[in-house]
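Observations on chain architecture
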Amino acid sequence: MAADTPLVRCAWCGADPLYQAYHDTEWGVLLHDDRALFELLTLEGAQAGLSWLTVLKKREGYRKAFANFDPAVVARFTDADQARLLADPGIVRNRLKVSSTIDNARAFLAIQAEFGSFDAWLWRFVDGRPIVNSPATIADVPARTALSDTLSKALKQRGFRFVGTTICYAFMQAAGLVNDHTADCFRHPG
């Protein structure tokens with residue numbers, strides 16, 4: 001591609017530099033780090049009812065508020081910590097979302113204890129290999145799939161909250177379990 005030819009990206013990221021950087025360097029990249037997986041799962045849950053750009057803009061605030069997404073630390077948060085978080089303008093101050101992050105940290109640790117890592121448990125849902133789709137446009141990308149239904153159900157059975165099927169599909173895309181870069185996007189692997 002010539003230096004003066006603009007990159008073709010998935011249409012959802014628009015022209016916002018923060019959105020483009022996330023698209024170009026993170027979205028759809030295979031992720032196997034438990035801390036980073038906990039971060040993405042938390043942020044996807046926080047995004048419910050909001051735009052992803054809103055959450056991206058608060059990401060650093062979340063990292064500070066939630067001990068850089070160390071699930072062992074977050075799992076020990078107390079009622080006083082919850083009150084502190086609900087007063088923190090650096091995050092989405094929703095009582096249910098804040099309390100679910102703490103509960104999810106506990107459930108996350110239980111999966112780590114049982115399977116050795118959350119990563120080992122999670123990637124079994126795709127047999128260790130990403131699902132690569134080739135949508136022509138963003139309109140061809142589903143909001144949920146049978147697989148995200150299965151993941152959502154499994155997470156809920158293990159005590160997670162804010163993990164509905166749409167949130168799970170977005171999480172799977174973000175963590176690289178599913179690659180939904182449009183066929184014309186420079187990030188599409190084809």
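Anything mentioned here points back to the structure above.
Rules used throughout
- Residues numbered from 1 in each chain as written.
- Predicted model: local features only at pLDDT ≥ 70, side-chain atom pairs only at ≥ 80, totals over all residues.
- Heavy atoms only, no water.
- Helix = DSSP H or I, 4+ residues; strand = E, 2+ residues; numbered from the N terminus.
- Buried < 20%, exposed > 50% of the residue type's maximum accessible area, 1.4 Å probe, protein only.
- Contact = heavy atoms within 4.5 Å.
- Areas by Shrake-Rupley, 256 points an atom, 1.4 Å probe, with all protein chains shown as cover.
- Phe/Tyr/Trp six-rings, centres within 6.5 Å; stacked < 30°, edge-to-face > 60°.
- Lys NZ or Arg CZ within 6 Å of the ring centre and 35° of its normal.
- 1 Å grid on protein atoms, 1.4 Å probe; cavity = no way out; pocket = protein on both sides within 12 Å on 5 of 7 lines; lining within 4 Å.
- Points joined across faces, edges and corners; volume = space filled by probe spheres on them.
- Core = buried A, V, L, I, M, F, W, Y, C linked by side-chain atoms within 4.5 Å.
- Polar contact = N/O pair within 3.5 Å; in protein donor to acceptor, adjacent residues only side chain to side chain.
- Salt bridge = Lys/Arg side-chain N within 4 Å of Asp/Glu carboxyl O.

1. Things to note about the overall build of the chain
Within the chain one finds 10 helices and two strands. In the chain, the order of α-helices and β-strands from amino to carboxyl end is α-α-α-α-α-α-α-α-β-α-α-β. Each principal axis of the C-alpha distribution contributes one length, and for the chain these read about 55 × 35 × 25 Å. Relative to its full complement of 190 residues, the chain shows a buried share of 46%. Considering only contacts within the chain whose residues lie at least 6 apart along the sequence, 68% involve residues at least 24 apart. As displayed, the chain offers around 9000 Å² of accessible surface, 56% of which is attributable to carbon and sulfur atoms.

2. Overview of the packing of aromatic side chains
Scanning all chains against the criterion turns up 13 aromatic pairs. One aromatic cluster is present, built from ring pairs that chain together F38, Y62, F66, F69, F77, F108, F118, W121, F125 and F160. Above the face of the F77 ring, R84 is positioned so that its terminal group lies 5.4 Å from the ring centre.

3. Focus: empty space enclosed by the protein
Following the criterion strictly, the structure yields one cavity of 30 Å³ or more and no others. The calculated volume of the largest cavity comes to roughly 60 Å³. Lining the largest cavity, in full, are L41, T42, G45, A46, K97, S100, T101, N104, R161 and F162. When contributions to the lining of the largest cavity are tallied by element, the ones reaching two or more residues are helix 2 (34-47) and helix 7 (95-115).

4. Focus on the side chain of R59
Turning to its location among the elements, R59 is positioned in helix 4 (residues 59-65). A residue is classified by how much of its surface remains accessible, and R59, at 11% relative accessible area, is buried. Ignoring sequence-local partners within four residues, the contact set of R59 consists of Y22, E26, E39 and L43.

5. What about the nonpolar core?
Counting 53 residues, the largest nonpolar core has F66, F118, L122, F160 and F171 as the members making the most contacts within it. Mapped onto this core, the elements with two or more residues apiece are helix 1 (17-25), helix 2, helix 3 (52-57), helix 4, helix 7, helix 8 (118-123), helix 9 (146-157) and helix 10 (165-174). Top contributing element to this core by residue count: helix 2, with seven residues. Those residues in contact with F160 that sit more than four places away from it in its chain are L41, N104, A107, F108, I111, F118 and L155.

6. A look at the environment of R9
Along the polypeptide, R9 turns up in the segment before helix 1. Placed 173 residues apart in sequence, R9 and T182 show a C-alpha to C-alpha distance of 7.9 Å. Not counting residues up to four positions away in its chain, the partners in contact with R9 are Q20, H23, D24, C185 and F186. Among the polar contacts listed, one links the side chain of R9 to the side chain of D24, at a separation of 2.6 Å.

7. A word on the pattern of salt bridges
For the structure shown, the criterion picks out 11 salt bridges. Where R161 meets D103, a salt bridge forms, and the shortest distance between an N and an O atom there is 2.7 Å. Of this pair, R161 sits in the loop between helix 9 and helix 10 while D103 sits in helix 7, and the two are 58 residues apart along the sequence. Note on R161: relative accessible area 29%, which makes it partly exposed. Given a relative accessible area of 27%, D103 falls into the partly exposed group. Here R144 ties to D149 by a salt bridge, and the two come within 2.3 Å at their closest N and O atoms. Note on R144: relative accessible area 40%, which makes it partly exposed. Each of E26, R35, E39, R59, E60 and R63 takes part in salt bridges that share partners, so that together they form one network.

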